[in-house]
Every structure is written in C-alpha cells, then in structure tokens.
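Observations on chain architecture
For reference, the chains in residue letters:
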Amino acid sequence: MSAKRFNVAVAGATGAVGNQMITCLEEMNFPVKSLRLLASSRSVGRQLRFRGDMVAVEELTEGSFAGMDIALFSAGGATSKTFAPAAARSGCVVIDNSSAWRMEPGIPLVVSQVNPADLEAHEGIIANPNCSTMQLVPPLMALRDAVGLERVVVDT
C-alpha cells in the first residue's frame, strides 16, 4: 500500500518565504502529488524548480485551490484574509504564515512541537506564529518541562 500524497499549493511562491517553503517541501521529501505555485499577476509564467522539474507560477485567485489538499500561505495578511477563506471553502487546509489569523477566535495558532492537538479544532485555516516565536517556543517548552518557567520576556 502506498503512502498518501497531497496536492499542495503555495500562495506567495515567488517571495523569499514562499521559496523557502518550496525548498522545505523538497528537502523533507514531503509526499507531494502535485504542486501549484501561486503569486500575483506580476509573477505569472515565472518558472520555479521543484524536484528537478520547472513549475510555472499561476495567478492567485479564489478558484486556485480546486483539487488542492493543503495550501501554504505566505503572501501577506491582506492576501491571506482575501484568499484563505476561499481555499478553506474548497476543502483545502490552509496553513497561514501571515499575521492575518493569529489572534482570530476559532483559528488555532499552532507550533507543531508544542500544541499539535490544537490542529484537531481547525475549520480549514491554521495560523502559525511569527518566525521568532516559532523558533523560540519549542526550547522554552523544553525548559519549562525540565526545570519550570514562570515568565519569559522576549524582545526582537
């Protein structure tokens, strides 16, 4: 029996974080069945490499998520607010890297090594914290569990 593979969209694919998401999918050997790269109309037709193949960038629209299982969003808060709900309505699970959904009631804010059980409560959109917090929280949790922490003050 073969492992499940996923149709994955990357919204904001031509940006620095979007490019890194594509690289991570490749380096992790994530089970990608198909990859759809999405960006603004300025980037349409641009080619990005994934697993040795060149993949054309498509324009991000509300219809971009038909047939997709997962959408990784790194296209800014306003873009996420506009297109993530459309992706979720199409049955796609959105993992959003912007600030758009971080404090939104009903949208789980998840760091996979810290609170993965919160994923069960999602209704199509999952938020993640900013890059500094994402890296800091797992070691803080380990310290809390090992020796206890009452308060941490962080400045970036």
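Further remarks concern the packing of aromatic side chains. Per the counting criterion, the structure on display carries two aromatic pairs. Relative to Phe 73, the ring of Phe 65 has its centre 5.6 Å away and its plane inclined at 25°; by these criteria the two rings are stacked. Neither Phe 65 nor Phe 73 differs from the other in exposure class; each is buried. Sitting over the ring of Trp 101, Lys 81 keeps its end group 4.0 Å from the ring centre.

Where nonpolar side chains cluster on the molecular surface, the patch consists of Leu 136, Leu 143, Val 147, Leu 149, Val 152 and Val 154 and spans about 500 Å² of accessible area. Position of Val 147 among the secondary structure elements: in helix H3 (residues 131–147). Residue Val 147 is classed as exposed on the basis of its relative accessible area, which comes to 67%.

This part is about the sheet that holds strand E1 (residues 6–11). Within a beta sheet, neighbouring strands are joined by backbone hydrogen bonds and run either parallel or antiparallel to one another. The seven strands lie next to each other as E3-E4-E2-E1-E5-E6-E7, forming an open sheet whose pairing is mixed. Of all strands in the sheet, those with a lone pairing partner are strand E3 (47–50) and strand E7 (125–127), marking the two edges. Averaged over all pairs of adjacent strands, the angle between their axes in this sheet comes to 30°, without regard to strand direction. Sheet topology places strand E5 (residues 70–73) next to strand E6 (residues 93–96); four bridges connect them, and they run parallel. Of the residues in E6, the one forming a bridge with Ile 70 is Val 93. Here helix H1 (residues 16–27) sits on the sheet in contact with E1, strand E2 (32–39), E3 and E5, set at roughly 25° to E3. Here helix H2 (residues 77–89) sits on the sheet in contact with E5, E6 and E7, set at roughly 175° to E5.

Here is what the cut-offs are and how they apply
- Residues numbered from 1 in each chain as written.
- Predicted model: local features only at pLDDT ≥ 70, side-chain atom pairs only at ≥ 80, totals over all residues.
- Heavy atoms only, no water.
- Phe/Tyr/Trp six-rings, centres within 6.5 Å; stacked < 30°, edge-to-face > 60°.
- Buried < 20%, exposed > 50% of the residue type's maximum accessible area, 1.4 Å probe, protein only.
- Lys NZ or Arg CZ within 6 Å of the ring centre and 35° of its normal.
- Patch = residues over 30% accessible without salt bridge, like charges linked within 9 Å, V, L, I, M, F, W, Y side chains within 5 Å.
- Areas by Shrake-Rupley, 256 points an atom, 1.4 Å probe, with all protein chains shown as cover.
- Salt bridge = Lys/Arg side-chain N within 4 Å of Asp/Glu carboxyl O.
- Helix = DSSP H or I, 4+ residues; strand = E, 2+ residues; numbered from the N terminus.
- Pairing = 2+ DSSP bridges.
- Axes fitted to C-alpha atoms, helices over the stretch in contact; angles between N-to-C directions.
- Contact = heavy atoms within 4.5 Å.

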